[in-house]
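Below are the chains, spelled out letter by letter.
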4 protein chains.
Amino acid sequence: MADRDELAIKYFQCTKRERAVFEAGIKLGTVYHQFIGTPVSASNVDSLERAIEEGVKVQPFVEEVTVKIDRKSLRKKRNEFDYQSLTGPMMDVRVTIRISEIRVFAHVRYVEELKYPLMFIERITES
Amino acid sequence: MADRDELAIKYFQCTKRERAVFEAGIKLGTVYHQFIGTPVSASNVDSLERAIEEGVKVQPFVEEVTVKIDRKSLRKKRNEFDYQSLTGPMMDVRVTIRISEIRVFAHVRYVEELKYPLMFIERITES
Amino acid sequence: MADRDELAIKYFQCTKRERAVFEAGIKLGTVYHQFIGTPVSASNVDSLERAIEEGVKVQPFVEEVTVKIDRKSLRKKRNEFDYQSLTGPMMDVRVTIRISEIRVFAHVRYVEELKYPLMFIERITES
Amino acid sequence: MADRDELAIKYFQCTKRERAVFEAGIKLGTVYHQFIGTPVSASNVDSLERAIEEGVKVQPFVEEVTVKIDRKSLRKKRNEFDYQSLTGPMMDVRVTIRISEIRVFAHVRYVEELKYPLMFIERITES
């Protein structure tokens, strides 16, 4: 990695900490828009959660990720036509970005008082 | 299913066989465009294949589906930045649509002589 | 086109009419899943409709396409956070596929009595 | 906006400047993954650029955005089957995020020496 990141690093006019925050935003924007619209039902929700997690993990600087899709919003399949598409409010995603000693903990989830899925930073640590 | 499909059926100005063919096209168009761009690497390719299959299976009239992502086009992860996005030519998807006694076997795969991924109908059976 | 289509045609184990129906399904599946999730508001709805139409038109066998996004479901932007993502029920898309003398008129729209967006074939003509 | 942002702000455990950087990452991740795979050709490239720009503009905190799709990578349509899908390396997107007096200028473009599309921060200003 060293060589390639050395090449990349000069493009960033910001601190390493800001870069980690930026990467966290990229990951949440990516996961949210890549998977919205995917067909989902009670029968594939587990495999979809795992696939999304693993799709996030292959990306740069991702140390950890957990994806939860709200089961309550998945109804039983009542007939041939009854399936749902994954929507933003169903998703709860946490991702930890790590760049050397800096970790950024970011989260997207539906926030009841706001009435929309909020992407936010829960914590930044350096050590 | 009965009731709802009875309601739906009147919208179709075509034969049942044509409807099955139409559904096959919908499924291939859907799977192809939903998942292109998903981050993929050797480490998540299996789970991604399963997730795509299960995402197709939850849709109406799907009897069978198999998804294969070309391993040869997945290189090892060489550094932090090295990941790939799923592209059309990597995908090989077969789907069987069934509407009562009619089955349509459809396929999308990269065809060397055409130089693009072709969606086509391999077989239609009635029995 | 001739040469390439001659190459492609042998893969299809169906009639030309069925192939046209299949293409119609592909187009509706594609447009539906490609654009769901796109940020939309009253201010960009016109340009989004045109972009979707033109994105469909560049695909094979498309003779005509019209895209309408439901304005009633677009509320005014009330604050910095207030934007919407395009959903299936907002979309009304008609596409005409033509393969030589055959035309297939397909449509996706939200159907009130079904409570979901139905993709269906409105008409097939040969002449 | 005030009220809703007041509600949202408490979720962020970071500085306002970091939040602006985070939003810039979200926007680039979103635009990149939302539009990859969209059918594109010389005939719809202008309208697609405008639609992407307007889709970004409706999102929170976006002050400016410019989208350029590489014309050199768009070949003429040679036959019925010849169309392309938008890929990451074709896109050059700049976005300016503004939160009160802070502006973050972010950019994604294909970088020749890296051989991939890099998302990076070009500048942060406060005034």
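Read on for an overview of the structure.

What counts, and at which threshold
Residue numbers here run from 1 along each chain, matching the order of that chain's written sequence. All chains are assigned letters beginning at A, and all ligands numbers beginning at 1, according to the order in which they are written. Totals for whole chains, interfaces and linings use every residue, but because this is a predicted model, local features are given only for residues with pLDDT of at least 70 and side-chain atom pairs only at 80 or more, for both listing and counting. The basis for every side-chain value is the complete set of heavy atoms in the structure, and neither hydrogens nor water enter the calculation. The numbering of helices and of strands both runs from the N terminus, where a helix is a DSSP run of H or I of at least 4 residues and a strand a run of E of at least 2. The rule is simple: take the accessible area with a 1.4 Å probe, protein chains only, and divide by the maximum for that residue type; under 20% is buried, over 50% is exposed, in between is partly exposed. It only takes one pair of heavy atoms within 4.5 Å for two residues to be counted as in contact. Residue-level accessible areas treat just the shown protein chains as cover; the underlying method is Shrake-Rupley with a 1.4 Å probe. Charged residues are defined here as Lys and Arg on the positive side and Asp and Glu on the negative side; His and the ends of the chain fall outside this count. A single reference atom marks each charge: NZ on Lys, CZ on Arg, CG on Asp, CD on Glu. A least-squares fit on C-alpha atoms brings the copies together, and the residues used are those whose pLDDT is at least 70 in both copies. To obtain each axis, a line is fitted to C-alpha atoms, and for helices this fit is confined to the stretch in contact; angles are then taken between N-to-C directions over 0 to 180 degrees. Throughout this description, any angle smaller than 35 degrees is read as roughly parallel, any larger than 145 degrees as roughly antiparallel, any in the 65 to 115 degree range as roughly perpendicular, and the remainder as oblique. We call a crossing left-handed when the near helix sits turned anticlockwise from the far one by less than a right angle, and right-handed when that turn is clockwise. Buried area is understood as the total, over both parts, of accessible area removed when two parts are fitted together, assessed with a 1.4 Å probe. We count a salt bridge whenever a side-chain nitrogen from Lys or Arg sits within 4 Å of a carboxyl oxygen from Asp or Glu. Amino acids outside the nonpolar list (Ala, Val, Leu, Ile, Met, Phe, Trp, Tyr, Cys, Pro) and the charged list (Asp, Glu, Lys, Arg) are all regarded as polar, and Gly is one of them. When DSSP finds two or more bridges between a pair of strands, those strands are recorded as paired. To estimate how far a helix should extend, the number of its residues minus one is multiplied by 1.5 Å. Grid points spaced at 1 Å and placed over the protein atoms alone form the basis of the search, with a cavity being a set where a 1.4 Å probe fits but cannot get out and a pocket an open set showing protein on both sides within 12 Å along at least five of seven lines. Lining residues have an atom within 4 Å of a point. Grid points are joined across faces, edges and corners, and a volume is the space filled by probe spheres set on the points. Between the rings of Phe, Tyr and Trp (Trp by its six-membered ring), a pair exists once the centres lie within 6.5 Å; its type follows the angle of the planes, with under 30 degrees stacked, over 60 edge-to-face, and the other angles tilted. Two thresholds decide whether a charge sits over a ring: the Lys NZ or Arg CZ must be within 6 Å of the ring centre and within 35 degrees of the ring normal.

Focus: the overall build of chain A
Per the secondary structure count, chain A includes three helices and six strands. Its helices and strands taken in sequence order, chain A reads α-α-β-α-β-β-β-β-β from the N to the C terminus. Its C-alpha atoms put chain A at 55 × 35 × 25 Å along the principal axes. Here chain A, with 127 residues, has 60% of them falling under the buried criterion. A fraction of 53% describes how many contacts in chain A between residues 6 or more apart in sequence connect residues 24 or more apart. A total accessible area of about 5200 Å² is found for chain A, and carbon and sulfur atoms account for 50% of it. Side chains of chain A give 21 positive and 20 negative charges; the mean places of these two sets differ by 3 Å.

Quick look at the relation of the copies chain A and chain D
For the match of chain A to chain D, the screw axis carries a shift of 0.0 Å, the RMSD comes to 0.0 Å, and the turn is 180 degrees. With respect to symmetry, the two chain copies, as superposed, fit the operation of a two-fold axis. Taken together, the interface assignments show that 100% of the residues at the interface of chain A recur at the interface of chain D, consistent with an identical surface on both copies.

Things to note about the packing of helix H3 (residues 45–57) of chain C against helix H3 (residues 45–57) of chain D
In contact at an axis separation of 9 Å, H3(C) and H3(D) are set at 140 degrees when each is read in the N-to-C sense. Classed by the angle they form, the pair H3(C) and H3(D) counts as oblique. At the point where H3(C) passes H3(D), the crossing takes the left-handed sense. Residues C:Ser47, C:Leu48, C:Ala51 and C:Glu54 of H3(C) touch H3(D), and the partners they reach there are D:Ser47, D:Leu48, D:Arg50, D:Ala51 and D:Glu54.

So, the interface of chain A and chain D
Listed per partner, the contact involves 34 residues of chain A and 34 residues of chain D. In this assembly, chain A packs against chain D so that about 3000 Å² is buried in total across both faces, 63% of it on carbon and sulfur atoms. Note that A:Glu113 and D:Lys10 form a salt bridge whose closest N and O atoms lie 2.6 Å from each other. Mapped onto the side of chain A that touches chain D, the elements with two or more residues apiece are helix H1 (2–9), helix H2 (16–35), strand E5 (102–111) and strand E6 (116–126) of chain A. With 12 residues, H2(A) is the largest single contributor of residues to the side of chain A that touches chain D. Partitioned by chemical class, the residues of the side of chain A that touches chain D number 19 nonpolar, six polar and nine charged.

Describing the sheet that holds strand E5 (residues 102–111) of chain C
Residues and elements named next belong to chain C. Taken in spatial order, the four strands make up an open sheet running E2-E4-E5-E6, and their pairing is antiparallel. Bordering the open sheet on either side are strand E2 (62–69) and strand E6 (116–126), each of which pairs with just one other strand. The mean angle between the axes of side-by-side strands here comes to 10 degrees, regardless of whether they run parallel or antiparallel. Where strand E4 (residues 91–99) lies against E5, seven bridges are found, and the strand directions are antiparallel. When the sheet's bridge partners are listed, Val93 is paired in E5 with Val108.

With respect to the pairing of E6(C)
A regular strand places its side chains so that they alternate between the two faces of the sheet. Residue and element names in this part refer to chain C. Relative to E6, E5 runs antiparallel, the two sharing 10 bridges. Residue pairing for E6: Val111 is matched across the bridge by Tyr116. Counting the residues that bridge the hairpin from E5 to E6 gives four residues, and of these Lys115 lies at a positive phi of roughly 70 degrees.

Some details on the pattern of salt bridges
Residues and elements named next belong to chain A. Tallying each qualifying case throughout the model produces 56 salt bridges over all chains. The salt bridge involving Arg94 is made with Glu122; its shortest N-O contact spans 3.1 Å. Of this pair, Arg94 sits in strand E4 (residues 91–99) while Glu122 is found in strand E6, placing the two residues 28 residues apart along the sequence. Given a relative accessible area of 39%, Arg94 falls into the partly exposed group. Among the residues examined, Glu122 registers a relative accessible area of 29% and is labelled partly exposed. Residues participating in the shared-partner salt-bridge network are Asp46, Glu49, Arg50, Glu53 and Arg71.

Thoughts on helix H3 (residues 45–57) of chain B
Here H3(B) contains 13 residues, and its C-alpha end-to-end distance of 18 Å stays within 8% of the 18 Å for a straight helix at 1.5 Å per residue. Looking only at H3(B), the buried set comprises B:Val45, B:Ser47, B:Leu48, B:Glu49, B:Ala51, B:Ile52, B:Glu53, B:Gly55 and B:Val56. The secondary structure elements touched by the buried residues of H3(B) are strand E1 (39–40) and helix H3 (45–57) of chain A together with helix H2 (16–35), strand E1 (39–40), strand E2 (62–69) and strand E4 (91–99) of chain B.

Thoughts on the environment of C:Ile97
Residue and element names in this part refer to chain C. Checked against the element boundaries, Ile97 lands in strand E4. A residue is classified by how much of its surface remains accessible, and Ile97, at 0% relative accessible area, is buried. Along the backbone, Ile97 and Ser73 are 24 residues apart, and their C-alpha atoms lie at a distance of 29 Å. The residues touching Ile97, leaving out its near neighbours within four places in the chain, are Ala20, Glu23, Ala24, Lys27, Phe61, Val62, Ile102, Arg103 and Val104.

Focus: empty space enclosed by the protein
If you walk through the whole model with that rule in mind, you get four cavities of 30 Å³ or more. Volume-wise, the largest cavity comes out at about 90 Å³. Along the walls of the largest cavity sit A:His33, A:Gln34, A:Ile36, B:His33, B:Gln34, B:Ile36, C:His33, C:Gln34, C:Ile36, D:His33, D:Gln34 and D:Ile36, which together make up its complete lining. Taken together, the elements giving at least two residues each to the lining of the largest cavity come down to H2 of chain A, H2 of chain B, helix H2 (16–35) of chain C together with helix H2 (16–35) of chain D.

Considering the packing of aromatic side chains
Within the structure shown, the criterion is met by 12 aromatic pairs over all chains. Between A:Phe12 and D:Phe120, the ring centres sit 6.4 Å apart and the planes meet at 70 degrees, which makes this aromatic pair edge-to-face. Of this pair, A:Phe12 sits in the loop between H1 and H2 while D:Phe120 sits in strand E6 (residues 116–126), each in a different chain. A residue is classified by how much of its surface remains accessible, and A:Phe12, at 8% relative accessible area, is buried. Of the residues examined, D:Phe120 reaches a relative accessible area of 3% and is grouped as buried. Aromatic ring contacts, followed pair by pair, group A:Tyr11, A:Phe12, A:Phe22 and D:Phe120 into a single cluster. For A:Arg123, the ring lying beneath its charged end belongs to A:Phe105, and the centroid distance is 4.1 Å. A cation over a ring is seen here: C:Arg19 above C:Phe12, with NZ or CZ 4.1 Å from the ring centre.

Scope: geometric values only; no functional claims are made or implied.
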